Every structure is written in C-alpha cells, then in structure tokens.
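Examination of the molecular architecture
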Amino acid sequence: MSAKIQSVKGMNDILPSQSPTWQSVETVLRKVAELYAYQEIRTPVLEKTTLFRQALGEATDIIEKEMYAFEDAGGEHLCMRPENTASVVRAGIQHGLFYHNQIRLWYMGPMFRRDRPQKGRYRQFSQFGMEAIGWPNPEIDAEIIMASAKIWGLLGLQDIRLCLNTLGSNLSRERFKEALVTYLSDYKNELDVDSQRRLKTNPLRILDSKNQRTQDILNQAPQINDFIDSQESDHFAHICDLLTQSSIAFHIDASLVRGLDYYTSTVFEWVTDANGAQNAICGGGRYDGLIALHGGANTPACGFALGLDRLVECYQAQQHGNVTEQLDIYLITLSSNDSSLSTKIGESLRNAGYKTAMNHGAGKLKSQLKKANANGAKIALILGESESTQGVIQVKPLRGQGETQNIATSNLLNFIETNQLL
Ligand code: HAM
C-alpha cells in the first residue's frame, strides 16, 4: 500500500468543525465592507511574477525568499499571489476602474508565502482587505482604520492594539534613508547580519530588527519625524485627531515601517498577544505611488489587509472555542420501507426553509437521537412503521419546548409553525 498523502507543509485544511467559526467571522467582515460601502473585487490567485517584484520591491522578504514562483508550460513567469493590493491595482488599471474615479474595494481569499511555518504563520493563509482608491485626504486613512476597529468591535475582541506611524513623502523618506545609512554605517560591524545586508538593500527595514544591539544603536539614530514636511505632519496629526474623536486608542511607533516598499505616509498595524510570536493581525497604510508605478495615473490610495487565520485564532481564544452549526430538524426514519415518504417530508421541510438532516433508515432510535442532539437540532421527527401506517409522525422537541406528540404528516408544517417550535 502506498503512503498516505498529506497536505503541503504550512497549508491547512479547514475542517467541518471549524467552518462555522470561519463563516461567522467572514459574515462580520462582509458586513463591515457593506457598512462602509466598499464593493467586492475578486482577482485571480495566479499573477505575473513581475507584478509583485515591481510593487513590493526586490529587497523585501517576500520577493527575496517567500514567493511561489514558477515558469508555466508556455514559458510565462507566474506566481501564487503573496498579497492582494498589487493585484487590485493591476485589475483597476486594466479595467479603467480608477480613471477619473474614486472607488472603495474589498476582497477576501487565499494568499501564499513560503515562509517558515509556525503558529499563526502559514504558507497558504487568507486575507480580508479594504482599499480606498482616489482620495488623498486624511479622513480616508481614518476611515480605513475605523473600519478595521469596527471588525474587532463586532466580533467582541479585546486587547487588539493599534500602532501607527508616518513614513512621509517619497522625498522626505529618501532624505531620512540617507541620514540613517550615514549614521548606521559607523556601526556597521555591530549590526546583526540581516541589518548589515539591509544597509545596502532596504535600510528602513533595519528599524524593525529584533536584535537588541541593533535596537540600542537605533536609539540614537535620526528619526523620520525630523524629515517629514509640514504638509505630511498635518496629514498625520489630522488622522490622530479623528481617531481620538472616535475613541480609538493608538500608539505612535517610530520604528513601524512595514515590510513592503509601496507604502508612503501613513502606516499602521493592529497587534495582539493572542497569537504568540505572530502578533500582527492586520496591517495597512497609504500607497500613493503604486498606481502610477504600474502605469496608471497618479492616484492616491490607502488600505489594509487582515489575516483571517490569525483573526479566527484570536476569536476562538477569546470566545472560548468554535461556533457550532445549529440544525432545525433531525428526521429519523426507522424502517427503510418508509424512505420515499421520509424523503418527501424532508424536502417539504427544506422548502419551508428549515435546516433538516436525515438518517435515511440506518441506526437505532437511541443513537439517532444522540446524533440529533450532537448536531444541535431543535426538534427530532421520528417516523416508525406504526406512525407511517397511521399517517402520523412523532414530533419530539429537544430543547424543552413541550411534550412529544404524534402529528398527522399532512399537518406537520402547520403544527411546527403554530407551536413556534423553531
Ligand atoms: P501584510 O502585513 O503583509 O500586508 O499582511 C497583512 C496581514 O496578513 C498580516 O497582518 C497578517 O495578519 C496576515 N499574514 C501575513 N502573512 C501571513 C502568514 N504567513 N500566515 C498567516 N497570516 C499572515 C499586506 O499584505 C498588505 N497588502 C496590506 C495592505 C492592504 N496595505 C494596504 N492595503
């Protein structure tokens, strides 16, 4: 016998016991997108590799180490999307969605990064994202952050903290980068190995190094704040005001740079301690240069994406477990002679809108009742041989809504409705 095939490392199955929890979280996400009037966009999972190389930057972890990229049979260089902002931008330009237009978009779906798997970090994971394209004003940055805050609120999640920073315009960021490199070059040999490399490739990423010595050196380093112009700092101050007025607490973290090159000005992350080392639940910010970089008109934009796997883990931890699917009716048929009658009854119940599962003639009454309870059914209907010859069915409430009664099958729907059993 050949070995059983297992799933790809870091790519998880979501089992029936977990699906209801995912579905209820997804319902809240769709609700928030709708409340803020964002429209759904669905883009392909495969894209041309150059899209992400251009958008995210060559010297980012994703492009350097984590892409599922390959050449297809036709010689095209394709990849599994590692994120969706670049795809949304590509699709918007391709279909003229941004042409003289402002548009709010949302998406949900799988992303792929070949990182080292651990709790909260997977090679296939799902993101939900909202992107507001065409608005330069700080109200939109605040709207995006408020929409994410609304999600934690509706899910009843606590202890998700907002970290906020501004990276300034391209010009001010370049000036800051130069000053940072000049300062850090004096300490080059004391920096951790990754930071030494980043000094050449992506100096801003050194700011979020986890190495203590590097962090000590950074204590005296130039700060982005000293380089941003007054327009940028007014923009940032306005966002902070709007968040304060909305009672959204935040922490300004000057070391927050985010791992993707396309950000300009505002960046933010929502973090929690619920997921161990992988503490970022959601990240986003402005990417005012990305649409022009991909050949569109100069268009400001701002958005976020949250990791659904991490969000669901956080929800399970805080809401103490999985959401369970609730059935309305469990229909038990004790004799296979009655299978066509019970199939007919089952269909009439579904036509009336009741969630109904059936045993199809197998198993003893006691074990079937156990299953009905385990499935959270509110009532069991029992069709034995004596009932079917009399044209009745036993109605057994399972949640203390009255006594078991024999009811004429022709009157079943009416009885369920008038007695408000469901
Ligand atoms: P990101 O920070 O790379 O941003 O990812 C957003 C969220 O996706 C993270 O906060 C995390 O919750 C989740 N995530 C990322 N990698 C993994 C992984 N390997 N396993 C599980 N969850 C993960 C972006 O992707 C940007 N496109 C966000 C954005 C939208 N910026 C502007 N608009």
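Attention shifts here to helix H7 (residues 193-201). For an α-helix, the turn length of 3.6 residues means that residues three or four places apart are oriented alike. Of all the residues in H7, the buried ones are Ser195, Arg198 and Leu199. All buried residues of H7 project into a common sector of 115 degrees when viewed along the axis, lining one side. Those residues of H7 that are exposed and aimed more than 90 degrees away from the buried face are Val193 and Lys200. Close packing links the buried residues of H7 with helix H3 (61-66), helix H6 (170-185) and helix H8 (212-218).

In this section: the site of the ligand. Residues in close proximity to the ligand total 25 residues, the closest being Glu83, Thr85, Tyr122, Glu131 and Tyr263. Between the ligand and tyrosine 122 there is a distance of 2.9 Å, counted from a nitrogen atom to a backbone nitrogen or oxygen. A distance of 2.9 Å is found between an oxygen atom of the ligand and a backbone nitrogen or oxygen belonging to isoleucine 281. If the ligand stood free it would expose 660 Å²; the protein chains cover 94% of that surface. Broken down by element, the shell around the ligand gets its largest block of residues, 5 residues, from strand E10 (residues 280-286). Looking at the shell around the ligand, its residues break down into 12 nonpolar, 7 polar and 6 charged.

One open sheet accounts for 8 strands, arranged E1-E5-E6-E11-E10-E9-E7-E8; its pairing is mixed. The open sheet is flanked by strand E1 (39-40) and strand E8 (251-252), the only strands paired with a single partner. Summarising the sheet, strand E7 (residues 161-166) and strand E9 (residues 264-271) pair through 6 bridges and their orientation is antiparallel. Its bridge partner lying in E9, threonine 166 is registered against threonine 266. Set on the sheet, helix H9 (residues 230-245) makes contact with E7, E8, E9 and E10; between it and E7 the angle comes to about 165 degrees.

All chains considered together, the criterion is met by 21 salt bridges. With its nearest N and O atoms 3.2 Å apart, the salt bridge here joins glutamate 64 to arginine 197. Of the two residues, glutamate 64 is situated in helix H3 and arginine 197 in helix H7; the sequence distance between them amounts to 133 residues. Of the charged contacts in the structure, one is a salt bridge between aspartate 141 and arginine 286, with a shortest N-O distance of 2.9 Å.

Cut-offs and rules
- Residues numbered from 1 in each chain as written.
- Predicted model: local features only at pLDDT ≥ 70, side-chain atom pairs only at ≥ 80, totals over all residues.
- Heavy atoms only, no water.
- Buried < 20%, exposed > 50% of the residue type's maximum accessible area, 1.4 Å probe, protein only.
- Helix = DSSP H or I, 4+ residues; strand = E, 2+ residues; numbered from the N terminus.
- Arc of directions from axis to C-beta.
- Contact = heavy atoms within 4.5 Å.
- Near = heavy atom within 4 Å.
- Polar contact = N/O pair within 3.5 Å; in protein donor to acceptor, adjacent residues only side chain to side chain.
- Areas by Shrake-Rupley, 256 points an atom, 1.4 Å probe, with all protein chains shown as cover.
- Nonpolar A, V, L, I, M, F, W, Y, C, P; charged D, E, K, R; others polar.
- Pairing = 2+ DSSP bridges.
- Axes fitted to C-alpha atoms, helices over the stretch in contact; angles between N-to-C directions.
- Salt bridge = Lys/Arg side-chain N within 4 Å of Asp/Glu carboxyl O.

Purely geometric stuff here, so don't read any function into it on its own.
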